[in-house]
Amino acid sequence: MRVAVRARSRYPAWIMNERYDALSLFSGGLDSLLAHKLIQRQGLRVLGLHFVSPFFGKPHLLDHWRATYGVDVVPVDVGEAYVRMLERGPAHGLGSALNPCVDCKILMLAHAKTLLAQHGARFLVSGEVVGQRPMSQRRDALNAIRRDADVKNLLLRPLSALVLEPTPMEESGLVDRSRLLNAAGRGRAKQLALAAEMGITEIPTPGGGCRLTEKEPSARYAPIFRHRPSPSAHDFLLANTGRQFWSGPHWLAVGRDQADNERLAALVREDDIVLDLSELPSPLAVLRLHPDARGTVQEDALVADAAAFAASYSPKARRAGGPVRVDVTRGGQTRVIEVSPSRNTPANWREPTWAEAEAWKKERAPVA
Ligand code: SF4
């Protein structure tokens, strides 16, 4: 199986005129940093690729990493390609939550390969360690990743190089194999010793903060795959924000605080309906109806229902003890309706649960 990947990359201008020998998968974790530095200290130029999607990525730390670790690193947005992969169902299955770790690595490496020529680079570097993680770093999984990403002769894993077959980069002398590592298994002693030897005093904390490995965020994502036709990366950004509720295929996001309200406001799309109390402080709510409901008689009832439910999250609206006015905005047009705040509305808005996500997972993909 070969994967084709198309994704957007937003590069800083300075990078366009630079030339590199290698591109590294740079998550910001210790292993990716050490792998990058092991090649860099052989006198080769390495550009780190920091992959970003609604599920992972810390692009706000790029400047910090550049300054702290002396690495060149750029963000690479694979959000849309990633959502397409999850929607299709990852060929190598999902982990304990909705994490498709093997397919994730395949997607990143396949995409990194497409960037080699643009940077004049000849090979790829990753911080994978044989046997460190049960799903994606078993020896057979490492082989499958290399094969399915079509990077067999291009990928060097410096931390485990001495327990793996020599790569063409080592055989040709481009990389000095004797200066690579023999790390294997879950222990981190060798990595920590190497970090100390390299003078790395700020050790990144383990775990990349991938939301797909956690059940609470994964519960937010499953209804999107179940109900939204052709979901986009943008849908998952909305799922990351505020309280989440679903009524069948209809979706309501409600801000928990001012920061949520601002994030929600920035995520509103043309077809979304924004609900905001006219005269009282309230959380912002974004109603994303299933497309089939738009323009039907059901739509007005759903809007009023969602407005009553969202208003119940305003303490002042609840204390008012009667109907409140709500601004209903779509596509720049606002009208005002009156509703009585209530958590028990006919639409029965409910927070998505991990049990529902697990049921979707069993329907859609084999467990790895
Ligand atoms: S934990 Fe997340 S980012 Fe890391 S390999 Fe798995 S799916 Fe990809």
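On a predicted model such as this, the values are computed, not experimentally measured, just so you know.

Criteria and thresholds
Residues numbered from 1 in each chain as written. Predicted model: local features only at pLDDT ≥ 70, side-chain atom pairs only at ≥ 80, totals over all residues. Heavy atoms only, no water. UniProt positions renumbered as here; feature names shortened; annotations may be inferred. Helix = DSSP H or I, 4+ residues; strand = E, 2+ residues; numbered from the N terminus. Phe/Tyr/Trp six-rings, centres within 6.5 Å; stacked < 30°, edge-to-face > 60°. Buried < 20%, exposed > 50% of the residue type's maximum accessible area, 1.4 Å probe, protein only. Lys NZ or Arg CZ within 6 Å of the ring centre and 35° of its normal. Lys, Arg positive; Asp, Glu negative; His and termini not counted. Salt bridge = Lys/Arg side-chain N within 4 Å of Asp/Glu carboxyl O. Contact = heavy atoms within 4.5 Å. Core = buried A, V, L, I, M, F, W, Y, C linked by side-chain atoms within 4.5 Å. Domains from an automatic or database assignment. Pairing = 2+ DSSP bridges. Axes fitted to C-alpha atoms, helices over the stretch in contact; angles between N-to-C directions. pLDDT = per-residue confidence, 0-100. Parallel < 35°, antiparallel > 145°, perpendicular 65-115°, else oblique. Left-handed = near helix turned anticlockwise from the far one by under 90°. Nonpolar A, V, L, I, M, F, W, Y, C, P; charged D, E, K, R; others polar. Buried area = accessible area lost by both parts, 1.4 Å probe. Polar contact = N/O pair within 3.5 Å; in protein donor to acceptor, adjacent residues only side chain to side chain.

### Regarding the UniProt feature "domain: Thil AANH" (unreviewed entry) in the chain
Per the UniProt record, "domain: Thil AANH" (unreviewed entry) is found at residues 21-160. Between the C-alpha atoms that bound residues 21-160 the distance is 20 Å, and the span itself is 39% helix and 16% strand.

### Quick look at the packing of aromatic side chains
Applying the stated criterion across every chain yields a total of 13 aromatic pairs. Seen from their ring centres, Phe-55 and Tyr-82 are 5.6 Å apart, and the 45° between their planes marks the pair as tilted. Of this pair, Phe-55 sits in the loop between strand E2 (46-52) and helix H2 (62-69) while Tyr-82 sits in helix H3 (residues 79-88), and the two are 27 residues apart along the sequence. Both residues of the pair, Phe-55 and Tyr-82, belong to the buried class. Taken together, the ring pairs connect Phe-55, Phe-56, Tyr-82, Tyr-221, Phe-225, Phe-236 and Trp-360 into an aromatic cluster. If you follow Arg-343 out to its NZ or CZ, it ends over the ring of Tyr-313, 3.6 Å from the centre.

### Here we look at the side chain of Lys-105
As for its placement among the helices and strands, Lys-105 is situated in helix H4 (residues 101-115). Summary of buried charges: Lys-105 has no salt-bridge partner, and the nearest side chain of opposite charge, Glu-128, is 4.3 Å away. Each residue touching Lys-105, except ones within four places of it in the same chain, is listed here: Glu-128, Ser-136, Gln-137 and Ile-145.

### Examining the nonpolar core
Grouped together as the largest cluster of nonpolar side chains are 59 residues, with contacts concentrated most on Leu-49, Phe-51, Phe-55, Phe-56 and Tyr-82. With nine residues, H4 is the single largest residue contributor to this core. Summarising the domain contributions, this core has at least three residues from each of domain 1 (13-211) and domain 2 (215-354). Within the second largest apolar cluster, 30 residues are counted, among which are Ala-22, Val-73, Met-169 and Ala-195.

### What about the sheet that holds E2?
Read across the sheet, five strands follow the order E3-E2-E1-E4-E5 without closing on themselves; strand pairing throughout is parallel. In the strand order of this sheet, the two ends are held by strand E3 (72-77) and strand E5 (155-156), each with one partner. Bridge count for strand E1 (residues 22-25) against E2 is four bridges, and the pairing is parallel. From the neighbouring strand, Ala-22 faces E2, where its bridge partner is Val-46. Relative to the sheet, H2 contacts E2 and E3, its axis offset from that of E3 by approximately 160°.

### Structural notes on the confidence of the model for the chain
Mean pLDDT over the chain stands at 93; residues scoring 70 or higher make up 95%. Contacts for the low-pLDDT stretch residues 1-9, under 50 throughout, to residues beyond four places or in other chains number 24 contacts.

### What about the packing of helix H8 (residues 215-227) against helix H13 (residues 354-364)?
Direction vectors running N to C along H8 and H13 enclose 55°, while the axes themselves pass 8 Å from each other. Taken together, the axes of H8 and H13 lie oblique to each other. Crossing hand, H8 versus H13: left-handed. Mapping the contact onto sequence places Lys-215, Ser-218, Ala-219, Ala-222, Phe-225 and Arg-226 in H8 and Trp-354, Glu-356, Ala-357, Ala-359, Trp-360 and Glu-363 in H13. Grouping the amino acids of the contact of H8 with H13 by side-chain chemistry returns seven nonpolar, one polar and four charged.

### Quick word on the pattern of salt bridges
Applying the stated criterion across every chain yields a total of 26 salt bridges. For the salt bridge of Arg-66 with Asp-63, the shortest nitrogen-to-oxygen distance reads 2.6 Å. Note that Arg-66 and Asp-63 are positioned in helix H2 at a spacing of three residues, about one turn of the helix. Owing to a relative accessible area of 56%, Asp-63 belongs among the exposed residues under this scheme. For Glu-363, the salt bridge goes to Arg-226, with nearest N and O atoms at 3.2 Å. With Glu-363 in helix H13 and Arg-226 in helix H8, this residue pair connects regions lying 137 residues apart in the sequence. What makes Glu-363 exposed here is its relative accessible area of 54%. For Arg-226, a relative accessible area of 39% translates into the label partly exposed. Taken together, the salt bridges that share partners define one network made up of Arg-228, Asp-235, Arg-269, Asp-272 and Arg-288.

### Quick word on the domain arrangement of the chain
Here the chain is partitioned into domain 1 (13-211) and domain 2 (215-354). It is Pro-54, Leu-98 and Arg-211 in domain 1 that bury the most area against domain 2; as a group they hold 43% of the surface buried on that side. Taken together, the links from domain 1 to domain 2 amount to three residue pairs in polar contact (both at pLDDT 80 or more).

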